[in-house]
Amino acid sequence: MNLAALNEIAEKMVTPGKGILAADESTGTIQKRFDAIGVENTEQNRRDYRELIFRAAEPMRNYISGVILFEETLYQDAADGTPLVKLIAEAGAAPGIKVDKGAKPLPGFPGETITEGLDGLPQRLEKDYARGARFAKWRAVIDIADGLPTWGAIKANAHALARYAAICQAAQIVPIVEPEVMMDGAHDIERCDEVTRLVLMTVFRELFEQRVALEGIVLKPNMVVCGKDCGKPASVDEVAHRTIAALKATVPAAVPGIAYLSGGQSDEEATAHLDAMNKIGGFPWKMTFSFGRALQAAPQKAWSGERQNVPAAQRAFAHRARMNSLASIGQWEGALEAAA
Ligand code: 5MM
């Protein structure tokens, strides 16, 4: 393992003013996104949609440091035969690959899941590296409900994340470590805070035990927010202060950067929270975005599967990418949204 080279890629992924586009929706997840805009979930439609995003030159070049791809996309060509991965690299962004095989029921733990995908991972990574992937992603799902999460499920997911991260580093690929504490439910922000701290602490202990070099990873956590059905959402200020405090208490300073998931927050909420954290500052890591829905909901809606809507979709993507770029350096203002 060449740690200096891994660290260089990790640092590039969290370059101030840039962030990561999570375009790695599996076929089932993109189905839900396409259903919402009335588009049939075919391989060509998936290709056309992703191609229009990767060809949006201005936002790709200026605001996007890396793109997480689903395996199909990494090996897919644009309509003119150019590999999609080449479009990303030519825009100066690092191509990445989601290598987990999804969250499956965890035997003995009703209502909880374990993320699978370790079998054959070294061989897959070798092929993905040859195709241009320089980082990978693995998402562990932690649900909050009555009596959940259990310690057994947290431990099993943290262990799998650490095994994945160690395998990636041996293949000279930067692992994005994504433990997602879900927003679903009516829990308050206090509960999310408590669970997020326990999960992060456990993940870093497992990373240590599996000898993962923290300088060569990027952490992709949830922000500390209250459940979707909690009734009264917390203020932007409270989310920002609690998230920073939870991370300061559990994430070592050797980690180059934090790239948050949006997790079902609205586009503007996710941007406002990221911006507030960067305005507060006083933490040792870069803090940026690795948003899926919060970057793509607007362009997907603008596109709606129609060729003539491609420029509008690219403008919608450019706008959200620029807003999040500003948030990653604490320079976003709500008025910019209204102006656009
Ligand atoms: C883009 O969505 C990613 C893939 O989801 P599935 O594996 O369920 O198809 C997802 O892992 C994503 O990278 C993160 O959840 C962050 O995305 P959001 O939309 O929460 O910012």
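The coordinates are above.
In this convention, every chain numbers its residues from 1, walking through the sequence in written order. The predicted origin of the model limits local features to residues at a pLDDT of at least 70 and limits the giving and counting of side-chain atom pairs to 80 or more, whereas totals for whole chains, interfaces and linings rest on all residues. Hydrogens and water molecules were not included; the side-chain quantities draw on all heavy atoms of the structure.

Let's talk about the environment of Pro 110
So the rule is basically this: Secondary structure elements follow DSSP: runs of H or I no shorter than four residues count as helices, runs of E no shorter than two count as strands, and numbering proceeds from the N terminus.
With respect to the helices and strands, the residue Pro 110 is situated in the loop between strand E4 (103–105) and strand E5 (113–115). The spacing of Pro 110 and Ile 280 is 170 residues in sequence and 40 Å in space, taken between C-alpha atoms.

Notes on the environment of Lys 104
Rules: Accessibility here uses a 1.4 Å probe with only protein chains present; expressed as a share of the type maximum, an area under 20% marks a residue as buried, one over 50% as exposed, and anything in between as partly exposed. By definition in these notes, contact holds between two residues if any of their heavy atoms fall within 4.5 Å.
Mapped onto the secondary structure, Lys 104 falls in strand E4. Look at Lys 104 and you get partly exposed, because its relative accessible area is 31%. If sequence neighbours within four positions are ignored, Lys 104 has contacts with Glu 112, Thr 113, Ile 114 and Glu 116.

Overview of empty space enclosed by the protein
Heads up, the condition is: The definitions used throughout rest on a 1 Å grid laid over the protein atoms alone, on which a cavity is an enclosed set of points accommodating a 1.4 Å probe that cannot get out and a pocket is an open set flanked by protein within 12 Å on both sides along at least five of seven lines; lining residues are those having an atom within 4 Å of a point. Grid points are joined across faces, edges and corners, and a volume is the space filled by probe spheres set on the points. Each residue is assigned to one class: nonpolar for Ala, Val, Leu, Ile, Met, Phe, Trp, Tyr, Cys and Pro, charged for Asp, Glu, Lys and Arg, and polar for all the others, Gly among them.
Counted under the stated rule, the structure contains two cavities of 30 Å³ or more. Computed from the structure, the largest cavity encloses a volume of approximately 50 Å³. Of the residues assigned to the lining of the largest cavity, the class counts are five nonpolar, four polar and one charged. One number sums up the size of the second largest cavity: a volume of about 30 Å³. Surrounding the second largest cavity, Ala 140, Ile 142, Ile 154, Asn 157, Ala 158, Leu 161, Pro 179, Val 199 and Val 203 form its lining. Broken down by secondary-structure element, the contributors of at least two residues to the lining of the second largest cavity are strand E6 (135–142), helix H8 (151–170) and helix H9 (189–209). Per-element tally for the lining of the second largest cavity: the top contributor is H8, with four residues. Across the lining of the second largest cavity, the residue classes break down as eight nonpolar, one polar and no charged.

A word on the packing of aromatic side chains
Cut-off, in case you're wondering: Any pair of Phe, Tyr and Trp rings, taking the six-membered ring for Trp, is counted once the centres come within 6.5 Å. Such a pair is stacked with planes under 30 degrees apart, edge-to-face with planes over 60 apart, and tilted for the rest. Note on geometry: a ring has a charge over it if NZ (lysine) or CZ (arginine) is within 6 Å of the ring centre and within 35 degrees of the ring normal.
By the definition in use, this model includes six aromatic pairs. Relative to Tyr 49, the ring of Phe 34 has its centre 6.2 Å away and its plane inclined at 90°; by these criteria the two rings are edge-to-face. Taken together, the residues Phe 34 in helix H2 (residues 27–37) and Tyr 49 in helix H3 (residues 43–54) connect sequence positions 15 residues apart. Ring pairing ties together the aromatic residues Phe 34, Tyr 49 and Trp 303, which thus form one cluster. The cationic tip of Lys 127 hangs over the ring face of Tyr 75; the distance from NZ or CZ to the ring centre is 4.7 Å.

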